[in-house]
Structures are given as structure tokens and as C-alpha cells.
Amino acid sequence: MALSDSVTTCLSPPVHYVICKLGFEKKDTYDINNILSENGEVCWQAVTEHVCYLESDQSVDYIKSIRSLGPVCESVNLHFKSLTKEQFVIQYALWFRWTNYTELFLEVFDVLQYPQTTEVALGLMKLTSCLERALGDVYLLIGKDCPFLLRDLLASDQLAVVFGQAVMNVLRVFIGSPYGLNLRNVLWHGFASPQEIPVKYCAMLLFLTAGLGQLLQTYLLQTKCILVHRPYVTFVSLEELDVFPGKYLTISKFLLCYIYLNDEALSVAEELVKLSSFVLKIMLPFWMAALTAFKQSRYADCVILLLPQLEVGLRLLFTTTNKCPNRLLTAEVRFLSKMLAKHLDNEEVNQLPAALEEPAMEFLWDFLNHQEGPRIRDRLSHGEINLEAFPREVANQIIAFAITLLCRFLDEDMFAFKEHMVINPLMNCASCYRSRFHPISRLKKQVLECMKSIHLWPELPTVPEEHIQTIKGLEGKAGASTSILMISEIISQLQQYMPQICCSSDDPINSVLTERLLIELCDTGICTLYSPRPVLEILAVLRKISTQCHQVTKQVIASTDLRYKQWMNKTLRSRQRHNYLRMLNSIKFLSPVLRLILVLITLELVNIHLVCKKNPFDYQQYLKFLKSVLQYTENLVTYTSPEKNKWDETMELTNKTLIKIKKISDRKLMLMQLAT
């Protein structure tokens, strides 16, 4: 990618003109007292007068408005420079409270005093994300579902009711409209280099945020409403994000060596940034600032600076591999998602996945796109994450992944970098990555957790066996022996598609339907990229089945524990005792049935692409069968609930479902043989 040295801007000529020149064309000196009253309130009418409108439809004329507001922004910037920190706090801090993050706006003021290009850009990215989140909270004073996109939020009637349409039009000149300055998007998507963002626009947004706080206070006093802030999103199960651990273990024939992502690794990364063709040279300051932020334990700042640069590098690679250099400067809607897609807009195959290879693509989908993943870029840019509590673990993953991309796009004569003792483990981790947040991966996790829960059943407290045997005729009534035989036959049919594990002819159920089998099946590599719609539809049903099975086992554990305590305390009535003993007898039969369902689910995973692509199987008929199994598990949840305790009905329903599974497994067996 030789372009990395020659690119001088990622802004298209029209956008570059709007951001870098248009607001400087009017040389007038604007008096700050025109828009700031003696008691420190923003005179909104004087500000809104600078917004111009088209004669044709009275929509905002963004070009004229930016030109007119240019001197106003400069005046605000100079005003802030004239204030001490103490004066700024006294005059403005109160008006930032509505954002729920006053400290951030005070930090931005500090940046304006001695502006460095990367710090101004970082301040603007943090300011706009926080402002968007706060505006969403205001929206919810009136509306219900807050718009996801900033442009839709700013155009909403709800915010116009609170702040006034003219005020919202001022904001749209600066953020939220592709026809205005669009400062949020050009920064968060990596189009603007550090020197291309005028400081005065950062100052103006700081000023406008304070003014919005003043207007909001008036509205809240008039309406008696209370502004409620939505809770921040938190990263749960951080261990699932631990792709590149903070400590790496390199194993050779004679050596166990522990390596940390420490200052040495970051120093190597600084050299890589200067040499890798993945980095546009005009963006080099952002990369260096991100590495510095990591060293200083400013993990949110590190990731905020780094994510747009990853997008720039990917966009450069995308436009190079697909031979569309003009799109390097194109700010398209959801362009990152388009870059990671299988096909281009013209239906030709996207060449980026082949260039990055599957593990890197799965990492990007996991961390940025999958709905159950951390979706770091979306959540940071929309203000959903508490920046002060941003976890090091997440920053560690992003910066380590970035280092692997830097290494992959080095000249051949720099191969030694890849073998460096602090870089090589990162490369190995990256090359082995498997998706953790694709529905296939989540289903694997679900079935393993459910099986662990079922394996707790034998350890549950229970009454002596002779008490259970007092329930005469139960086994014959339920047909348990016939059902156990059916389960054994199904296992026998499917064993050729299972890993080679021990199987006792005396006890095929307990020797095959094990956690070990599920672990081996789940360890099978399955392609998750670009799963077709039939695969996703089947996955959705399988996940629901697994969820219901897990709910059943939770209920069984809870009910068994409770009833045993009541039995021992002799607080059960006669009918309750009888029902408790029936439950104990039923769950001995229910355990292999649930384990069989989990094994079948996992076998479906292993063969899911064969089922949907190569089999002559009637897909809709099979989906109907799966939905019938789902219905069974849903009924099972109802029957085994503490409120119902319908154990006879549970047994009868289970027998009928096993017959269906036996029939479908006979047919599936033939079709799987055809497919393989």
C-alpha cells in the first residue's frame, strides 16, 4: 500500500473546504458580548441569527451558516483563552452538569488553553460522544425509543420541544449533518488528520453545550420534570475478551518464557507505526498519542484515538485491494460494515477479507459488529461507556490487535520485527483467533453451560431409593424403559459422526452423553464469517432450545433442593410428598433426554453448513421439526416450574418428543451420509 506516504488528506475537496477554509472567509471581529450576557448566559437569539436558510424550502443553508458563524466561533475561542480555570469553573461548570460528566468539559477547556492538534481532536471526539448521550437522556423526557444515529436525534421533534428548533439547527451546523461541518463523524471515522480540525470549533461546541444546559434548566423548572441519566454500559465477562492476554507464554523445547505487553512492546510498536504501510503518515501523530495514552494508563483515550486509525488503515487496504481509490475520501453511511461485508455494492466479491484473512476478520466482527460482542466503537462514539472506568483489558486487546496489523503490512526486509520476542506471541494469538460472539460461538457456550448444570443433578440431595420405589406403576405408566431404549438407538445411529470416545456397551447413555463429548464437538472449527440466512434461522431456534433446557435444569435444581429441605423438616403434605417422589423418579429419566438434546444441537452446529447448503433435505420441514422441539422445551419449562410440578405430564410429553427425534434422526442420518 504505497499510498500511505503520498496521501495528504482523507477529506474530499468539498469537505476539506467546508472544514478548513469556509469558516475563515469572513474576517470580521465579532464581539463576544453580543452572544454572552453580563450574568454569563448564552444569548441564543444572537447565535441563531447566524444560521441561514434556503429560500426554496427553508431548510438550513449550511454553507452560508458556516461562513457566518466562523467569526462567532473565533470570538468564543478567544473568550475562553482569556479566562483562568477558576473563572471558567465559576461561570460555566454548573451548566455542564446536565451532561453527567462535568469533568470532561473542564478537561476540554484545559486543552483550549495550550492546544495540541491530537488533544483537540481527542477532546472533540469525547465531547461529541458525551453530548450525544446527554441529548439522548433529554429526548427520553418526552420520547420513548432514543434514535441510534446522532443526525436523527438532532432532527427529532422531542429535542425541538425542549431546546427550540432554531437552537437545534445551530447544533446541526456543527455535528449530525453530512452537509455541515459534521465534526463528530469526520473524527470518529478517521477522515480528519490532527491539523485539519480548527480549534475554534471545539471551543464553540463547549460554549453551545453550556448554553444547552441553561435552556434545559428553564424547561425542567417549567415542566417540573426530572432529567434521568441512563446507566452506562459495562463490559461483563472480561475474560471473554482476553484474546491477547497481558501475559504471554511462549513454549519451546527447552524454554518457558513469560512476556508482558510492557514498555518494551510499546517501544517496538512505536517503531512499527513509523514503518508500516497500514499507517497513513498524516495520521502518525494519532498513533503515537494512542500509544502514549496507554503508557499513561489513559485506556479510554488510547482506544478512542486508535479505533478511527484502524478504520483508516482498513479503508486504505479496502480501496487498494478492490481498486477503488476514490472511496478513500468517501464518508459513506455504515462504511465500516460495508468494508467487512462479503460483497461490494456492485455484488462483486470484496477482496478485503482475503487480504486480512479469516482470524483478523473474525476479530473485527467480534469486537466491532456482532450484536452480542462489546461493539466498542459504537458504544464509545455514542457515549454509552464510562470513560473514567474504561478497563485496561479492553484497551490491551485493541492495541495488541493493531500491532499485529502493523506487522503484517511491513516490507519483506523487515521480517525480523515479526519474530521479536514481544511481537511473535501476539502474531501467534492473532493467527489462531476464533469468533467468540457470533451466534455459533454463543450457542457453543450455552450448551456447555447447560451440560455443566445437568451434571450437578447427581450431587443434589435426595431421599433414599426405597422411598421412590414406593410409587407403584410409575415406570410402566411413563414407558421409561422404551424411551431409554430409543435414546440408546439414537446414540448408536449418530456415533459415527461423533469424536472417537469411550463408549460402554453396558451404559451407552452415560458413557456418550457427556460433557467431554460436548467439549470435543464444540472445539470443532466452524466457519462463522458470512453465515447465510438459513444458518442464522436455524441457529436462532437452536439457541432458544438451549436456553429453555438451561431453564429446566435451573428449576430442577432449585425444586429438588427446596423439596428435600421440606422433606427433612417434615413440612410436606401427603400429596406434596408423593409429587416430590415422582419428581425424583422423573429427573433420572429427564437427565439423559436433555443431554441428548444438547448433543443433537451441537452435532447440528458441526454440520450446519452441510445441512443448509448441500443436503437435499427439506429445509422448511426441518425448521418445523426444530420448532416442535422448541415447543417441547418451552412446555417442559412450564411443567417443571415450582408453580406447576406436572411430572406425569412431563414424562408423557417427553416420550412423544423422543419418537419425533427418532424419526427425524433416521432421515437425517441418511442425508448426512449423502452430504459427506
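Analysis parameters
Residues numbered from 1 in each chain as written. Predicted model: local features only at pLDDT ≥ 70, side-chain atom pairs only at ≥ 80, totals over all residues. Heavy atoms only, no water. Helix = DSSP H or I, 4+ residues; strand = E, 2+ residues; numbered from the N terminus. Buried < 20%, exposed > 50% of the residue type's maximum accessible area, 1.4 Å probe, protein only. Contact = heavy atoms within 4.5 Å. Areas by Shrake-Rupley, 256 points an atom, 1.4 Å probe, with all protein chains shown as cover. Lys, Arg positive; Asp, Glu negative; His and termini not counted. Charge placed at Lys NZ, Arg CZ, Asp CG, Glu CD. UniProt positions renumbered as here; feature names shortened; annotations may be inferred. Axes fitted to C-alpha atoms, helices over the stretch in contact; angles between N-to-C directions. Left-handed = near helix turned anticlockwise from the far one by under 90°. Nonpolar A, V, L, I, M, F, W, Y, C, P; charged D, E, K, R; others polar. Parallel < 35°, antiparallel > 145°, perpendicular 65-115°, else oblique. Domains from an automatic or database assignment. Buried area = accessible area lost by both parts, 1.4 Å probe. 1 Å grid on protein atoms, 1.4 Å probe; cavity = no way out; pocket = protein on both sides within 12 Å on 5 of 7 lines; lining within 4 Å. Points joined across faces, edges and corners; volume = space filled by probe spheres on them. Salt bridge = Lys/Arg side-chain N within 4 Å of Asp/Glu carboxyl O. Expected span 1.5 Å × (residues − 1). Phe/Tyr/Trp six-rings, centres within 6.5 Å; stacked < 30°, edge-to-face > 60°. Lys NZ or Arg CZ within 6 Å of the ring centre and 35° of its normal. Core = buried A, V, L, I, M, F, W, Y, C linked by side-chain atoms within 4.5 Å.

1. Things to note about the overall build of the protein
Line of reasoning, step 1. Helix and strand counts for the protein stand at 32 helices and two strands.
Line of reasoning, step 2. Seen through its principal axes, the protein has C-alpha atoms that stretch 100 × 70 × 50 Å.
Line of reasoning, step 3. Expressed as a percentage of its 676 residues, the buried residues of the protein come to 56%.
Line of reasoning, step 4. A separation of at least 24 residues holds for 75% of the contacts in the protein among residues at least 6 apart in sequence.
Line of reasoning, step 5. By element, 53% of the accessible surface of the protein is carried by carbon and sulfur atoms, the whole surface being about 30,400 Å².
Line of reasoning, step 6. Taking the average place of the 69 positive charges on the side chains of the protein and the average place of its 69 negative ones, the gap between the two points comes to 7 Å.

2. Thoughts on the UniProt feature "domain: DUF4209" (unreviewed entry) in the protein
Line of reasoning, step 1. Residues annotated in UniProt with the feature "domain: DUF4209" (unreviewed entry) correspond here to residues 131-211.
Line of reasoning, step 2. End-to-end, the C-alpha atoms of residues 131-211 are 12 Å apart, and along that stretch the chain is 62% helix and 0% strand.

3. Remarks on the packing of helix α15 (residues 299-321) against helix α20 (residues 392-408)
Line of reasoning, step 1. At a minimum axis distance of 9 Å, the contact between α15 and α20 shows a crossing angle of 35°. Pair α15 / α20 crosses with left-handed handedness. Contacts from Y299, C302, V303, L306, L307 and L310 in α15 reach R392, A395, I398, I399, A402 and L405 in α20.
Line of reasoning, step 2. Among the residues forming the contact of α15 with α20, the class breakdown is 11 nonpolar, no polar and one charged.

4. Some points on the packing of helix α4 (residues 62-81) against helix α12 (residues 199-223)
Line of reasoning, step 1. Here α4 crosses α12 at 80°, and the two axes come no closer than 8 Å. On the basis of the axis angle, α4 is roughly perpendicular to α12. Mapping the contact onto sequence places I66, G70, V72, C73, E74, V76, N77 and F80 in α4 and V199, K200, Y201, A203, M204, L206 and F207 in α12.

5. Brief notes about the domain arrangement of the protein
Line of reasoning, step 1. We note that the domain assignment places domain 1 (13-223), domain 2 (239-244 + 259-329 + 336-432) and domain 3 (442-667) within the protein.
Line of reasoning, step 2. Between the C-alpha centres of domain 1 and domain 2 there is a distance of 30 Å.
Line of reasoning, step 3. Taken together, the contact pairs 20 residues of domain 1 with 25 residues of domain 2.
Line of reasoning, step 4. Note on domain 1 versus domain 2: buried area summed over both sides is about 2,100 Å², and carbon and sulfur give 65% of it.

6. Digging into empty space enclosed by the protein
Line of reasoning, step 1. Evaluated as defined, the whole model comprises five cavities of 30 Å³ or more.
Line of reasoning, step 2. Considering every element that reaches the lining of the second largest cavity, the biggest residue donor is helix α7 (residues 117-139), with five residues.
Line of reasoning, step 3. Of the residues contributing to the lining of the second largest cavity, the split by class is seven nonpolar, five polar and four charged.
Line of reasoning, step 4. Structurally, the lining of the second largest cavity is a two-domain feature, drawing no fewer than three residues from each of domain 1 (13-223) and domain 2 (239-244 + 259-329 + 336-432).

7. Let's talk about the pattern of salt bridges
Line of reasoning, step 1. All chains considered together, the criterion is met by 26 salt bridges.
Line of reasoning, step 2. Between D378 and R375 there is a salt bridge, with its nearest N and O atoms 3.8 Å apart.
Line of reasoning, step 3. Residue classification places R375 among the buried residues on the basis of a relative accessible area of 11%.
Line of reasoning, step 4. One salt bridge connects D561 with K565, and the closest N-O pair in it is separated by 3.3 Å. With D561 and K565 both in helix α28 (residues 533-568), this residue pair falls four residues apart, about one helical turn.

8. Here we look at α12
An α-helical turn contains 3.6 residues, so a residue and the one three or four places further along point in the same direction.
Line of reasoning, step 1. With 25 residues, α12 should reach 36 Å at 1.5 Å per residue; the first-to-last C-alpha distance of 37 Å fits that figure.
Line of reasoning, step 2. Taking burial as the measure, the 25 residues of α12 include 18 buried ones, the bulk of the element.

9. Observations concerning the environment of L584
Line of reasoning, step 1. Mapped onto the fold, L584 is located in helix α29 (residues 574-606).
Line of reasoning, step 2. Looking at L584, the relative accessible area reads 4%, which means it is buried.

10. A look at the packing of aromatic side chains
Line of reasoning, step 1. Using the criterion set out here, one finds 20 aromatic pairs in the structure.
Line of reasoning, step 2. With a centroid separation of 6.4 Å and an interplanar angle of 85°, the aromatic rings of F80 and F109 are classed as edge-to-face. A residue pair is termed long-range when its members are at least 10 positions apart, and F80 in helix α4 and F109 in helix α6 (residues 102-113) qualify at 29 residues. Each member of the pair, F80 as well as F109, carries the same accessibility label: buried.
Line of reasoning, step 3. When the ring of F235 is compared with that of F390, the centres are 5.9 Å apart and the planes differ by 85°; the resulting orientation is edge-to-face. Of the two residues, F235 sits in the loop between α12 and β1 (247-251) while F390 sits in the loop between α19 (376-381) and α20, which places them 155 residues apart along the sequence. Residues F235 and F390 agree in their burial class; the two are buried.
Line of reasoning, step 4. Taken together, F80, F88, Y92, F96, F105, F109 and F207 form an aromatic cluster joined through their ring pairs.
Line of reasoning, step 5. A cation over an aromatic ring shows up here: R315 above the ring of F191, its NZ or CZ 3.8 Å from the ring centre.

11. Here's the deal with the nonpolar core
Line of reasoning, step 1. Membership of the largest hydrophobic core comes to 164 residues, with the highest contact counts inside it found for F80, L135, F163, F174, L206, L380 and F390.
Line of reasoning, step 2. In terms of residue count, the dominant contributor to this core is α15 (14 residues).
Line of reasoning, step 3. Both domain 1 (13-223) and domain 2 (239-244 + 259-329 + 336-432) contribute no fewer than three residues apiece to this core.
Line of reasoning, step 4. Beyond its immediate chain neighbours, meaning those up to four positions away, F390 contacts F235, Y299, A300, V303, L380, I385 and A395.
Line of reasoning, step 5. Ranked by size, the runner-up nonpolar core spans 68 residues in total, among them L443, V512, V541 and L572.

12. Details of the environment of A402
Line of reasoning, step 1. Counting through the fold element by element, A402 comes out in helix α20.
Line of reasoning, step 2. Here the alpha-carbon distance between A402 and L426, two residues 24 residues apart in the chain, equals 10 Å.
Line of reasoning, step 3. If we ignore the near neighbours within four places in the chain, the residues touching A402 are W287, L306 and L310.

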